[in-house]
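Each chain, written out:
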Amino acid sequence: MDKKLFEILVCPLCKGELKHNQAQQELICRPCGLAFPVQDDIPVMLESEARTLSVDERL
């Protein structure tokens, strides 16, 4: 994913910082407890497409 794009992206719900999980190709928002997928280097920033983080992943 383009680093410039990643620098300007924020969580669509809380507008908080996202962490890039390269191994799982996701953008993670810990405050909201969601992981947004990155498909073909395009972040899918829809709540309906995000998966809920487990308790361990939130830490």
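Residues numbered from 1 in each chain as written. Predicted model: local features only at pLDDT ≥ 70, side-chain atom pairs only at ≥ 80, totals over all residues. Heavy atoms only, no water.

A. Quick peek at the environment of Leu46. On the secondary structure map, Leu46 appears in the loop between β4 (42-43) and β5 (51-52). Remark: the alpha-carbon pair of Leu46 and Cys11, spanning 35 residues in sequence, is separated by 9.6 Å. (Helix = DSSP H or I, 4+ residues; strand = E, 2+ residues; numbered from the N terminus.)

B. How the structure looks around the pairing of strand β3 (residues 34-39). Judged by how many residues are buried, β3 sits mostly within the fold: five of six residues are covered. Bridge analysis of strand β2 (residues 26-29) against β3 gives four bridges, and the strand direction is antiparallel. Its bridge partner lying in β3, Cys29 is registered against Leu34. The hairpin formed by β2 and β3 contains four residues between the paired strands, and Gly33 there has a positive phi angle of roughly 75 degrees. In terms of strand pairing, β3 meets β5 through two bridges, oriented antiparallel. From the neighbouring strand, Leu34 faces β5, where its bridge partner is Thr52. In the sheet, β3 pairs with β4 via two bridges, with the strands oriented antiparallel. The partner of Gln39 across the bridge, within β4, is Ile42. (Buried < 20%, exposed > 50% of the residue type's maximum accessible area, 1.4 Å probe, protein only. Pairing = 2+ DSSP bridges.)

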